[in-house]
Amino acid sequence: CLASSCQSNEVVPLQLSLDFLQESESSCGDKDARVLRAAATLAVADWARRTAMQKGGASASSAQEGVQRAIAKAQSLLMQVLPGDASFLGLEELSTLPGGAELFWLLDRLQCASMVDTVVQPHQFWMGADNVGMRNDVKINYQLFVFPYRELVSDFVRARKVPYCNESILRVVQTLARRLHRTRASAVHVVEIGANLGDCSVWLAKRMQAVPGLRRIKVLALEAVPAAAAVFQKSVEWNNLTDVIQVVNVAAGQLKGAVSLQAKPMSSNSYTVAEGSSPDFATVETRALDDITPFSNINLIVSHTNGQELSVLRGAMRILRKSPKIIIVLQLYGPESGVIRDPTYDPCRPVRWLVHRGFEIYLSHRKGLRLEAPGVLRRYFAEGQQVVNVIAVRKHRRRLLSEPPVMQKPRTCLDLSKGERPNSWAEVDGRVLRENLHIVRIYLETHFAEAPPIGAVLKANAYGHGAVLAGRVLASAKIDALFVSEVETGLILRMAPEVPMFLPMILLYRSPGMATMCKLASANITVSVLSMAWLQQALRWPSCSSKVRLHIMVDTGLNREGLAAQEVAEAATIVLQKWPSWSLDGFYTHWCCVYDPVEMHRSLAVFEHALGLVQEARSTFGDAGNQPLTVHTSSSSSILFGVHYDLLRIGGLLFGDPVAISDGAGGTMRLPGPHRTLLWKSKITTMRWSVPGERFSRCTANYGCERGPVFEKRMLLGTIPVGAYEFSDSNIVSSHFREKLNLIEKSTDAILVEIPSTSRSFHQAFEGMEVLLCAESCVQGLFNVPEHVPRILVQDPSIEFSIYCPSHLLLEFDS
């Protein structure tokens, strides 16, 4: 069996050791040969021991006996080589012989225990992986199987005989156990992701078993590495926890699939996501928690997923919604920890994701320190700490005992994946929006040697598309910067999972107040300097905890906002003097007259002169002036005037607006390709046949109620739940066939249309059929969809948008 394994999948040194042992001992005449034979004996014993440990049962105990005989055999050979007692191993002399160094390593491996007894007494203080210490509240006793060789987690458990699990996590478990005891709970459900050898889960199960009255204890433990999951399962069976702990060999993620993992530094059985095919890589299956969790309500989720926290949370959205009292513990690594190999990894993104969904976030090692902004966590990592556990709990409104409870009206959410829709909605085609960005990039790269990065302007609610929704799509398409016109839009976008913290985001055309500016600074959103009056006022405000990043805007002829050219030098000096609290990061303008070559020549001269003043001021301020300065101009109609600067601002062109682009010589051109991305839709709610001669509509001054209006013929009618005050046009077509439906009547809350009998829509008409509310070209876009109409993302599976919860739809309680 050993020879067969060596030939199939074992390394060459083991095969050589086996061949060497098959020779007779009489050939080992010199010192070198005896040392090599001792090393070969221990190498084969080490392999046999690991194989027996994996099989378990009686073979494990017999393997231990064989290991002791191998050690004794090796010692007898060494006694023939070394003078004196072989237990000292003659370090200096042995290290000079072939195989001498391998002897120490093999002896160390053979003495690694494969099972560790853990006994922690009540009130005993002990040190865990956090090295901050904790005190036990009950006695916990169990046996944990570990790897029979040197490895980070196994060595820690062997050395300290306590869990490798961080003390901050175990304190959360203790707090949860006391709360369950206090509330006389009968069941507890826990999920651990990245369970490794199971030290956390086994300790948790034993602690929960000590809670009186807790009859149902269920722990779902996910471990991606097959070897670690197998060792964990042995610990579960040995401690009689098969009814409590379910070990699943799978990686948690957002969707079902596969992922490539690479071993973390200093550990051979703990992995992080990476790409490659070397021996330290492993490909494992991924599943969403919503798909594999056997219970709907969870008390605690513990995640050690090495950078995959956001994917895990997205795959557990249904469970989170159904668990009102859930506690989530995330182990986050800093960007400089060396553990996470993804250069785009941002540990603040899962924190923002949870805050956006109604959770309060706390640092586990500092009780009461709530993370109101991701900047707190970022500063913690900047101080040198590279790993931290954060605790997420649901927000609960506190009220006085004398205050009567308020019954909250639950929001009525629509499941878009099942075809549910509001009365009318605007569909944003994410696929077309991405294609428009791609078309602009291709045009710039083919016409200019050094095409500048592109920043998307999201003013006017992203030209009617919904600024937050459009920003998320463009950020996932790797846009280079986002320009927003509302503070709320910027703050919400910064919490979106698709918008990384390092993506530049600039607030245009707005001057924030004191408190708002600090919020923008903590969210890494740049503020525009639009006037000297605002700048002088901001000088008197107290400094923010985060650096305030500023872009100066100069007015080059639009006469709307921005500093005059003669004020630019003074403004730049003021900002540079506030370093490092403030940082001058950019300089820009908005062209006024792109179709007038003479006026554009004058505007360009003004901008270049003002830019020179800024550069001159920066040259006198050392570190403050050495920071990168982003110069950006342009608009969709003037992209050719900004290609030689650092960043190109583009707005309506990305959303399919047929913009006439100035060529700089008085002429214009149109960029072929960008398409409109917005469609205003509704549906036919009722259908009926008209009766000839029957009156319809209300009485008007032109008709008496007895005279009309009346139906002149029999026709198929459809009612659309959109009123005349919302939809001012008259062009309505079927969504599928793009056939016009004749407008019969508009009322305050509905539209009556005829479905012509000669159309294809007539033969396939049904209640619920979608229709388009159109302008002349029958393709809506830009500003003509009312703002209250909900925007729904379609054709973009990369962004989660299957549930729509309008804030104005409330379900009344039944009396």
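Residues numbered from 1 in each chain as written. Predicted model: local features only at pLDDT ≥ 70, side-chain atom pairs only at ≥ 80, totals over all residues. Heavy atoms only, no water.

Participant: Please set out the overall build of the protein residue by residue, giving values where relevant.
Facilitator: When helices and strands are counted, the protein shows 25 helices and 36 strands. Pairs at least 24 residues apart make up 69% of the contacts formed inside the protein by residues separated by at least 6 positions. Of the roughly 38,500 Å² of accessible surface on the protein, a fraction of 52% belongs to carbon and sulfur atoms. (Helix = DSSP H or I, 4+ residues; strand = E, 2+ residues; numbered from the N terminus. Contact = heavy atoms within 4.5 Å. Areas by Shrake-Rupley, 256 points an atom, 1.4 Å probe, with all protein chains shown as cover.)

Participant: I'd like a rundown of the packing of helix H14 (residues 348–356) against helix H19 (residues 487–495), residues and numbers included.
Facilitator: Two numbers describe how H14 lies on H19: the axes approach to 8 Å, and their chain directions differ by 120°. By the angle between their axes, H14 is oblique relative to H19. Residues Arg352, Trp353, Val355 and His356 of H14 form the contact with H19, whose participating residues are Ile492, Arg494 and Met495. Taken together, the residues that form the contact of H14 with H19 break down as four nonpolar, one polar and two charged. (Axes fitted to C-alpha atoms, helices over the stretch in contact; angles between N-to-C directions. Parallel < 35°, antiparallel > 145°, perpendicular 65-115°, else oblique. Nonpolar A, V, L, I, M, F, W, Y, C, P; charged D, E, K, R; others polar.)

Participant: Explain the pattern of salt bridges to me, and be specific about the residues and the numbers.
Facilitator: According to the stated counting rule, one finds 16 salt bridges in the structure shown. Across the salt bridge formed by arginine 207 and aspartate 137, the nearest N and O atoms sit 2.8 Å from each other. In this pair, arginine 207 sits in helix H9 (residues 199–209) while aspartate 137 sits in the loop between strand S3 (134–135) and strand S4 (140–145), placing the two residues 70 residues apart along the sequence. Relative accessible area serves as the criterion here: at 23%, aspartate 137 is assigned to the partly exposed category. Glutamate 561 serves as the salt-bridge partner of arginine 560, at 3.2 Å between the closest nitrogen and oxygen. (Salt bridge = Lys/Arg side-chain N within 4 Å of Asp/Glu carboxyl O. Buried < 20%, exposed > 50% of the residue type's maximum accessible area, 1.4 Å probe, protein only.)

Participant: Which residues make up the packing of helix H8 (residues 167–182) against H9, and what values do they have?
Facilitator: Following both chains from N to C, one finds H8 and H9 inclined at 25°, their axes separated by 10 Å at the closest point. Taken together, the axes of H8 and H9 lie roughly parallel to each other. Pair H8 / H9 crosses with right-handed handedness. Across the interface between the two elements, Leu170, Val173, Gln174, Leu176, Ala177, Arg178 and Leu180 of H8 pack against Trp203, Leu204, Arg207 and Met208 of H9. For the contact of H8 with H9, a count of residues per class yields eight nonpolar, one polar and two charged. (Left-handed = near helix turned anticlockwise from the far one by under 90°.)

Participant: Please give an account of the side chain of histidine 551 that cites residues and values.
Facilitator: The residue histidine 551 is located in strand S22 (residues 548–553) in this model. Among the residues examined, histidine 551 registers a relative accessible area of 4% and is labelled buried. At a separation of 3.0 Å, a polar atom in the side chain of histidine 551 contacts the side chain of histidine 632. When near neighbours in sequence (up to four residues on either side) are disregarded, histidine 551 contacts Ile506, Thr526, Val527, Ser528, Val529, Asp585, Gly586, Tyr588 and His632. (Polar contact = N/O pair within 3.5 Å; in protein donor to acceptor, adjacent residues only side chain to side chain.)

Participant: Explain the sheet that holds strand S19 (residues 481–484) residue by residue, including any values.
Facilitator: Read around the barrel, eight strands follow the order S18-S19-S20-S21-S22-S23-S24-S25 and close on themselves; strand pairing throughout is parallel. If you compare each strand with its neighbour and ignore which way they point, the axes differ by 30° on average. Strand direction decides the pairing type here: S19 and strand S20 (residues 505–507), joined by three bridges, are parallel. Looking at S20, one finds that phenylalanine 483 is bridged to isoleucine 506. The strands that helix H21 (residues 532–539) touches are strand S21 (526–529), S22 and strand S23 (582–588); relative to S21, the one it contacts most, it runs at about 125°. (Pairing = 2+ DSSP bridges.)

Participant: Account for the state of the cysteines, naming residues and giving values.
Facilitator: The final tally for this structure, using the stated rule, is two disulfides. In this model cysteine 165 forms its disulfide with cysteine 200; the gap between the sulfur atoms is 1.7 Å. In this structure, the disulfide formed by cysteine 165 and cysteine 200 twists by about 95° around the S-S bond and is classed as right-handed. Of this pair, cysteine 165 sits in the loop between helix H7 (152–160) and H8 while cysteine 200 sits in helix H9, and the two are 35 residues apart along the sequence. Grouping residues by exposure puts cysteine 165 and cysteine 200 together as buried. Across the disulfide, cysteine 518 is cross-linked to cysteine 544 (sulfur-sulfur distance 2.0 Å). Between cysteine 518 and cysteine 544, the disulfide has an S-S torsion of -75° and is therefore left-handed. With cysteine 518 in helix H20 (residues 514–522) and cysteine 544 in the loop between H21 and S22, this residue pair connects regions lying 26 residues apart in the sequence. (Disulfide = S-S within 2.5 Å.)

Participant: Give a detailed account of the packing of aromatic side chains, specifying residues and quantitative values.
Facilitator: Aromatic rings in a pair are described by how distant their centres are and how their planes are angled relative to each other. Here the structure, examined in full by the defined rule, presents nine aromatic pairs. Aromatic pair phenylalanine 156 and tyrosine 164: ring centres 5.1 Å apart, planes at 80°, arrangement edge-to-face. Judged by its relative accessible area of 27%, tyrosine 164 is partly exposed. Where tyrosine 463 meets phenylalanine 655, the ring centres are 5.6 Å apart and the plane angle is 35°; that geometry is what we call tilted. One end of the pair, tyrosine 463, is in helix H17 (residues 459–463); the other, phenylalanine 655, is in the loop between strand S25 (647–650) and strand S26 (661–662), and 192 residues separate them in sequence. The exposure class of phenylalanine 655 is buried, given its relative accessible area of 0%. Here a set of aromatic residues connected by ring pairs shows up, and it is made of Phe587, Trp591, Phe607 and Tyr645. Positioned above the aromatic ring of tryptophan 425, the side-chain terminus of arginine 421 is 5.8 Å from the ring centre. Arginine 714 extends its terminal NZ or CZ atom over the ring of tryptophan 689, reaching a point 3.9 Å from the ring centre. (Phe/Tyr/Trp six-rings, centres within 6.5 Å; stacked < 30°, edge-to-face > 60°. Lys NZ or Arg CZ within 6 Å of the ring centre and 35° of its normal.)

Participant: Give a detailed account of the nonpolar core, specifying residues and quantitative values.
Facilitator: Where a protein is soluble and globular, its nonpolar side chains tend to be buried together. Within the largest apolar cluster, 115 residues are counted, with the highest numbers of intra-cluster contacts made by Leu458, Trp534, Leu535, Phe587, Phe655 and Ile732. In this structure, phenylalanine 587 is in contact with Ile552, Val554, Val568, Phe607, Ala610, Leu611, Val614, Leu629, Thr630, Val631 and His632, ignoring residues within four places of it in sequence. Ranked by size, the runner-up nonpolar core spans 55 residues in total, among them Val116, Ala177, Val188 and Val244. (Core = buried A, V, L, I, M, F, W, Y, C linked by side-chain atoms within 4.5 Å.)

Participant: So what about helix H10 (residues 226–238)? Which residues, and what values?
Facilitator: If you check H10, its first and last C-alpha atoms are 19 Å apart, about what 13 residues at 1.5 Å a residue would give, namely 18 Å. Within H10, burial applies to Ala228, Ala229, Val231, Phe232, Ser235 and Val236. Buried residues of H10, seen end-on, are gathered within an arc of 165° and therefore sit on one face of the element. The elements touched by buried residues of H10 are S4, H9, strand S6 (216–222) and strand S7 (245–248). (Expected span 1.5 Å × (residues − 1). Arc of directions from axis to C-beta.)

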